[in-house]
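Coordinates in review
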Amino acid sequence: MSFKGRTALVTGGARGIGRCIADALVDAGARVHVFDVGDDPRAAFSFRRVDVSDAAQVRAGIAALPPATSLLVNNAGIARDRSLLKMSDAEWSEVLDVNLSGAFYVLREVAGLMARARHGRIVNISSINALRGKFGQANYTAAKAGLVGLTKTAARELGPKGITVNAVAPGMVMTELTRSLPAEAVGAARDQAVLGRLAEAGDVAHAVLFLLSDAARSITGEVLRVDGGQYLHA
Ligand code: NAD
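Cut-offs applied
- Residues numbered from 1 in each chain as written.
- Predicted model: local features only at pLDDT ≥ 70, side-chain atom pairs only at ≥ 80, totals over all residues.
- Heavy atoms only, no water.
- Phe/Tyr/Trp six-rings, centres within 6.5 Å; stacked < 30°, edge-to-face > 60°.
- Core = buried A, V, L, I, M, F, W, Y, C linked by side-chain atoms within 4.5 Å.
- Buried < 20%, exposed > 50% of the residue type's maximum accessible area, 1.4 Å probe, protein only.
- Helix = DSSP H or I, 4+ residues; strand = E, 2+ residues; numbered from the N terminus.
- Contact = heavy atoms within 4.5 Å.
- Axes fitted to C-alpha atoms, helices over the stretch in contact; angles between N-to-C directions.
- Parallel < 35°, antiparallel > 145°, perpendicular 65-115°, else oblique.
- Left-handed = near helix turned anticlockwise from the far one by under 90°.
- Nonpolar A, V, L, I, M, F, W, Y, C, P; charged D, E, K, R; others polar.

Moving on, we get to the packing of aromatic side chains. This model, assessed by the stated rule, comprises 1 aromatic pair. Measuring from centroid to centroid gives 5.9 Å for Phe104 and Tyr105, while their planes differ by 55 degrees, and the two rings are tilted.

A separate point is the nonpolar core. Judged by nonpolar contacts, the single largest core of 31 residues is most densely connected at Ile21, Leu25, Val32, Val168 and Val208. Secondary structure elements with two or more residues in this core: β1 (7-11), α1 (16-27), β2 (31-36), β4 (69-74), β5 (120-125) and α8 (201-212). Broken down by element, this core gets its largest block of residues, 8 residues, from α8. Dropping the residues within four chain positions of it, Val208 is found in contact with Ile21, Val73, Val123, Ile125 and Val168. In this structure, Val52, Leu107, Leu113 and Ala143 belong to the second largest nonpolar core, which totals 30 residues.

Before going further, it helps to examine the packing of α1 against α8. Between α1 and α8, the shortest axis-to-axis distance is 9 Å and the interhelical angle comes to 50 degrees. The orientation of α1 relative to α8 falls into the category oblique. When you trace α1 past α8, the crossing you get is right-handed. Together, Ile17, Cys20, Ile21, Ala24 and Leu25 of α1 and Ala201, Gly202, Val204, Ala205, Val208, Leu209 and Leu212 of α8 make up the contact between the two elements. When its residues are assigned to classes, the contact of α1 with α8 shows 11 nonpolar, 1 polar and no charged.

Here is the structure:
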């Protein structure tokens, strides 16, 4: 897949799955911009410190992007796991603010650029836990399920403007986000994977690049699971 001449924005691209997507897009010839609250990884893409949960920061960050930005990956995300009865207001709203509102702020601004160019591809990173629920993740699953609704509505509204909007729902992928999980939780996820192994960040990146490519020009409003078959088992 070649993305020569295309400009992409990847949120949360400083590390983990987002970094893998940003690197893959660079390798495929795209000019890539990353918004993240972490440290600049000094990679082959341009980096800007933007907190996606802050609409004003997002607006300023996007105003500084080339107007030809036609690929967006809403990947920035956090988890603050706790069982429902013990979850604080802050744990609830922080996760909704970053994972759902953040994606909305970025999508709204970038879709304006894409609509003017009459071309765009948007991929939102959800989770299989949005589709099946997960103990201890009321905030995270609500946010990630919200992303599925946002994806489908955006697909309807933006389709006539030449923009596709899809979601990728990974299963467990070993990154900084999941490394602190107890070994039993990782083992249980591996047991659920009918392929006998967890998906890796590169597997998620491949699915994202497909949905960003011209090969996926007739796919919109879709949710693509990349989970080694974990969801099938659940
Ligand atoms: P990660 O923690 O390694 O990376 C997340 C990145 O997002 C980090 O670079 C972080 O600095 C950035 N970020 C966090 N808050 C931000 C904010 N407010 N503004 C801008 N950037 C912010 O996590 P990951 O595992 O690579 O996850 C990437 C995405 O994939 C997330 O949306 C996550 O929910 C989703 N996901 C991960 C898994 C998994 O098992 N790792 C499974 C399903 C979905």
